Structures are given as structure tokens and as C-alpha cells.
Amino acid sequence: GPLSSIFDIATFVLLLKVCHVDVATFRSAWFIESMATQILVVFIIRTARPAWTSRAHIALVVTALGGLLAALALPFLPFASFLDFAPPSGLVLGAIALLVAAYLAISEVMKRFALRPAS
């Protein structure tokens, strides 16, 4: 919800104002960021415990990481231009990775507040 929207805005600012990417690279990078946050947050919200202390079922791990790998690969495949994608640079991918890590960390903290018993 709101956290995802905040990170969308952060991604827009990063891509447009800091990295000055073109339209096709913007589409690719925003797609990667969106897919990564939405796929990986499943590991945060699937348990009330801290995500790193609870092992996910192998089927979830394989399908989630497979989906993430597919999303990461799309802008680099020969038909990417049909999707109006262009390969993001290593710098852009690194910045997106940092945004995703921040999103996941904040999601973990927010989960604790959402799951605490009402007074």
C-alpha cells in the first residue's frame, strides 16, 4: 500500500533526477524494482517471526526466485525492445537493489507494528 507508493516515488526520483535514464531504461528499471519488491515481500509477510529466522517451503523459494530471475532477465533478452525495455546499467541495477533492500527492511519493521496485540 502506502509503503510501496513511497518506494515507487523514490524509484522515479532516482531514475529521472539522479540517473537521468531514457524512457526504455526507466520502464525496465521500474519493472525490475516493482517485481523484486512484490516478489520478495512475500518472504517478509509469510511469518510473524523475523523473516530470516523462518525457512520458507522450497516450492515458494523456487517459484519466487524463478519469477524474480525472469523479471531481471527480460530487459536483457533479444526481444526486450518489443516490450519497450532497454538494459539498465550496473549503476542503475545497484541503486535499485539498494531500494529493494530498504523496502524489505522497512516492511519487516512495519510488520512488527501491524502484528502487535491491540491494547
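Residues numbered from 1 in each chain as written. Predicted model: local features only at pLDDT ≥ 70, side-chain atom pairs only at ≥ 80, totals over all residues. Heavy atoms only, no water.

### A look at the side chain of Ser-4
At step 1: Looking at the element boundaries, Ser-4 is found in helix H1 (residues 2–18).
At step 2: A residue is classified by how much of its surface remains accessible, and Ser-4, at 19% relative accessible area, is buried.
At step 3: One polar contact links Ser-4 to Gln-38, side chain to side chain, over a distance of 3.5 Å.
At step 4: Here Ser-4 is in contact with Gln-38 and Tyr-103, once residues within four sequence places are set aside. (Helix = DSSP H or I, 4+ residues; strand = E, 2+ residues; numbered from the N terminus. Buried < 20%, exposed > 50% of the residue type's maximum accessible area, 1.4 Å probe, protein only. Polar contact = N/O pair within 3.5 Å; in protein donor to acceptor, adjacent residues only side chain to side chain. Contact = heavy atoms within 4.5 Å.)

### As for the pattern of salt bridges
Any two side chains of opposite charge can pair, given that their charged atoms come close.
At step 1: Counted under the stated rule, the structure contains 2 salt bridges.
At step 2: Measuring nitrogen to oxygen at the nearest pair gives 3.2 Å for the salt bridge that ties Glu-108 to Lys-111. Placement of the pair is Glu-108 and Lys-111 together in helix H4 (residues 90–115), with a separation of 3 residues, close to one helical turn.
At step 3: Residue classification places Glu-108 among the buried residues on the basis of a relative accessible area of 4%. (Salt bridge = Lys/Arg side-chain N within 4 Å of Asp/Glu carboxyl O.)

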